[in-house]
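Structure assessment
Listed here are the chains, written in short residue letters.
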Amino acid sequence: MKSTKKVMCSLALVCQITAIVLEALPYSAVLIFAPGPNERITKTFSYFSLDPFGYANFFPLPTALLTVAVTALCLISLITKTGMLKLHKAAFICSIIAVVFSIMPLLLLGGAYMSSAGYAISALLLVSVVFQALANRRQNI
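Residues numbered from 1 in each chain as written. Predicted model: local features only at pLDDT ≥ 70, side-chain atom pairs only at ≥ 80, totals over all residues. Heavy atoms only, no water.

**Let's talk about helix α4 (residues 85–109)**
For α4, with 25 residues, the first-to-last C-alpha span of 37 Å sits near the 36 Å given by 1.5 Å per residue. Taken as a whole, α4 carries its principal kink of about 40° at Ile103; the proline Pro105 stands between one and four residues after it. Phi turns positive one or two residues past the end of α4, at Gly110, with a value near 110°. (Helix = DSSP H or I, 4+ residues; strand = E, 2+ residues; numbered from the N terminus. Expected span 1.5 Å × (residues − 1). Bend = angle between axes of the 7 residues up to and from the residue.)

Rendered as structure tokens:
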């Protein structure tokens, strides 16, 4: 049972690391500027950039920071010898919050504010939550 938990945590960690790589790319977060009544300019940024945050697209930066935190928590839980239930629960809760933040631009601002990398990030974070839930379930058995 213990090896299954480690496999699930490792798969969640792979999803998190892939999400961080996509979040660091400069075409993940989308901003739409309207300099004129019939003109729209679309620019893309990294999730770690402060530009979207400054233009009221608040959700990419917290998503990126939570993804880094969850990655660190998952890595620590894999390295340590003893299974820390509180650490797993904290990583799981942070992952759920990151998933919610990652889909908020779609829900609040519309599909134009999501890029294909943004959809992939949301999907990877959701898959990571599933793997973490399976690992936590295995730990409680």
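**Considering the pairing of strand β1 (residues 29–36)**
Looking along a regular strand, one sees the side chains alternate between the two faces of the sheet. With six bridges joining them, β1 and strand β2 (residues 39–45) adopt antiparallel strand pairing. Across the sheet, residue Gly36 finds its bridge partner in β2, namely Glu39. Between β1 and β2, which pair antiparallel in sequence order, lie two residues. (Pairing = 2+ DSSP bridges.)

**Some points on the nonpolar core**
Of all hydrophobic cores here, the largest spans 25 residues; its most connected members are Tyr47, Cys74, Ala91, Ile121, Leu124, Leu125 and Phe131. Elements with a contribution of two residues or more to this core: α1 (2–24), α3 (60–79), α4 and α5 (116–140). The dominant element in this core, judged by the number of residues it contributes, is α1, at seven residues. In this structure, Leu124 is in contact with Cys15, Thr18, Ala19 and Leu22, ignoring residues within four places of it in sequence. (Core = buried A, V, L, I, M, F, W, Y, C linked by side-chain atoms within 4.5 Å. Buried < 20%, exposed > 50% of the residue type's maximum accessible area, 1.4 Å probe, protein only. Contact = heavy atoms within 4.5 Å.)

**Points about the environment of Thr63**
Relative to the helices and strands, Thr63 resides in helix α3. Overall, Thr63 belongs to the buried group, its relative accessible area being 0%. Between the alpha carbons of Thr63 and Met104 there is a distance of 10 Å; along the sequence they are 41 residues apart.

**Re the packing of α3 against α4**
One can describe the packing of α3 onto α4 by two numbers: an axis separation of 9 Å at closest approach and a directional angle of 155°. Compared by their axis directions, α3 and α4 come out roughly antiparallel. The handedness of the crossing between α3 and α4 comes out as left-handed. Where α3 approaches α4, its residues Pro62, Thr63, Leu66, Val70, Leu73, Cys74, Ile76 and Ser77 are matched on the opposing element by Leu87, His88, Ala90, Ala91, Cys94, Ser95, Ile97, Ala98, Phe101 and Ser102. (Axes fitted to C-alpha atoms, helices over the stretch in contact; angles between N-to-C directions. Parallel < 35°, antiparallel > 145°, perpendicular 65-115°, else oblique. Left-handed = near helix turned anticlockwise from the far one by under 90°.)

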